[in-house]
Amino acid sequence: MDGQGQGQGQGQGQDRLANRHQARTPLHAKALIEELDHKQLVVLRDGRKIVGLFRSCDQFANLVFQNPYERIIVGKQYCDLPLGSIYLVRGENVVMMGRVDEGREIPSTLQLVSPAEIRKAQQAEKEEQLIRGTMLKRLDFLDLE
Amino acid sequence: MLPLSLLRAAQGHPMLIELKNGETYNGHLVNCDTWMNVHLREVICTSKDGDRFWRIPECYIRGNTVKYMRVQEEVMDKAVEDQKKFRKHGQGRGGRGRGGRGRGSPSYRGRGGSGDRGGYRGNSNR
C-alpha cells in the first residue's frame, strides 16, 4: 500500500511516540506504530469507512486521527463528509486499518455527490433493504431456499 | 501522545461522543478515567436516527459503550503541552521510572527462568 515508496516511515515519524518506540517495541505492536503519521483507512464495526491522518494509538488499538472524513459509498455514488479535527476511535470498534495510497485516483465509475444526495441515497437503500427484509419474512412459510 | 492522555487533556472542553448503539452525546467533559468512563455536563443527547433530542444537565457514560469521540483541535495542542510539562516537571522521576521499567523486564524474565528451573527440579525429584 506504500504508494510513494517511502520505506518504513523512518525520518517521517515526527511524532515522538514513533521515535521513542522504534528501539524497543515488541513485534506485535510495531505493525501499528509503523503506520503513525500516514493517511489511513479504518473500517468500523458498523460499516463506516473513516479516512484520516493517523496520529496515535495504544495497546487497545484505540486510534486517534487528525482531520478525518467519512467516505460514504452508495451504489456508484460517493461522498466525503468531514468529521471535525480530532477523532478518537475506541479500539473495540475497529475492524481493519490500512494505509491509503495518496497517489491513487478514485475509480472513474464512482461519482462524487453532495452530502444531501448521499444521505438520500443512503435512506433509499435502507428502506429498500427493510422492504426486502419484511417481504422475506412474510414469505417465510413458503420455505424458500 | 496516547489516546487516553488526549482524552484527559480534553477535560473542560466540549466534545461529541457516539455510543455503540448510535446515540450521540454532545457536552463538556468534566472528568474521565483510564477505562474511558466519562462524566459530561450540559449534554445534548441525539437518538440514533438524529430525529429526537434531549437536553441533560449531567451524565455519566461507561467507557465500554463508546464507539468514538470527537474533540477540538486545541485539545491536541493542550495534550502535547501537558506532556511536555509533565516531562520537564518529573524528569528525574521519569528517568528513574524508565530505569525501573528497564530493570523490570529482565527481572521478569529472571523470575520466569527461575520458575522454569523450579519446575525442572520438581520433575527430577519425582
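The rules behind the values
- Residues numbered from 1 in each chain as written.
- Chains lettered and ligands numbered in written order.
- Predicted model: local features only at pLDDT ≥ 70, side-chain atom pairs only at ≥ 80, totals over all residues.
- Heavy atoms only, no water.
- UniProt positions renumbered as here; feature names shortened; annotations may be inferred.
- Core = buried A, V, L, I, M, F, W, Y, C linked by side-chain atoms within 4.5 Å.
- Buried < 20%, exposed > 50% of the residue type's maximum accessible area, 1.4 Å probe, protein only.
- Helix = DSSP H or I, 4+ residues; strand = E, 2+ residues; numbered from the N terminus.
- Contact = heavy atoms within 4.5 Å.
- Salt bridge = Lys/Arg side-chain N within 4 Å of Asp/Glu carboxyl O.

- An unreviewed UniProt entry annotates chain B as U6 snRNA-associated Sm-like protein LSm4 of Chloropicon roscoffensis.
- One UniProt comment on chain B, placed under Function (unreviewed entry), says "Binds specifically to the 3'-terminal U-tract of U6 snRNA."

- Chain A is annotated in an unreviewed UniProt entry as U6 snRNA-associated Sm-like protein LSm1 from Chloropicon roscoffensis.
- For the record of chain A, the UniProt heading Subunit (unreviewed entry) holds the text "Component of the heptameric LSM1-LSM7 complex that forms a seven-membered ring structure with a donut shape."
- Of the comments in the UniProt record for chain A, the one headed Function (unreviewed entry) reads "Component of the cytoplasmic LSM1-LSM7 complex which is involved in mRNA degradation."

## A few points about the nonpolar core
In summary, soluble globular proteins display a tendency toward joint burial of nonpolar side chains.
At step 1: By size, the foremost hydrophobic cluster in this structure holds 28 residues, and its most contacted members are B:Leu6, B:Leu7, B:Ile17, B:Leu40, B:Ile61 and B:Met69.
At step 2: Sorting the residues of this core by element identifies β5 (86-89) of chain A together with α1 (3-9), β1 (14-19), β2 (24-32), β3 (38-46), β4 (53-61), β5 (66-71) and α2 (73-89) of chain B as the ones contributing at least two each.
At step 3: Ignoring any residue separated from it by four or fewer positions in sequence, one finds B:Ile61 in contact with B:Ile17, B:Leu19, B:Tyr25, B:Met36, B:Asn37, B:Val38, B:Leu40 and B:Val66.
At step 4: By size, the runner-up hydrophobic cluster in this structure holds 14 residues, among which are A:Ile33, A:Ile50, A:Cys57 and A:Tyr87.

## Quick notes on the pattern of salt bridges
At step 1: Applying the stated criterion to the full structure yields 14 salt bridges over all chains.
At step 2: When the shortest N-O distance is used, the salt bridge between B:Arg55 and B:Glu42 registers 3.3 Å. Of this pair, B:Arg55 sits in strand β4 while B:Glu42 sits in strand β3, and the two are 13 residues apart along the sequence.
At step 3: Three or more residues joined by partner-sharing salt bridges are found here, namely A:Asp46, A:Arg48, B:Glu18 and B:Lys67.

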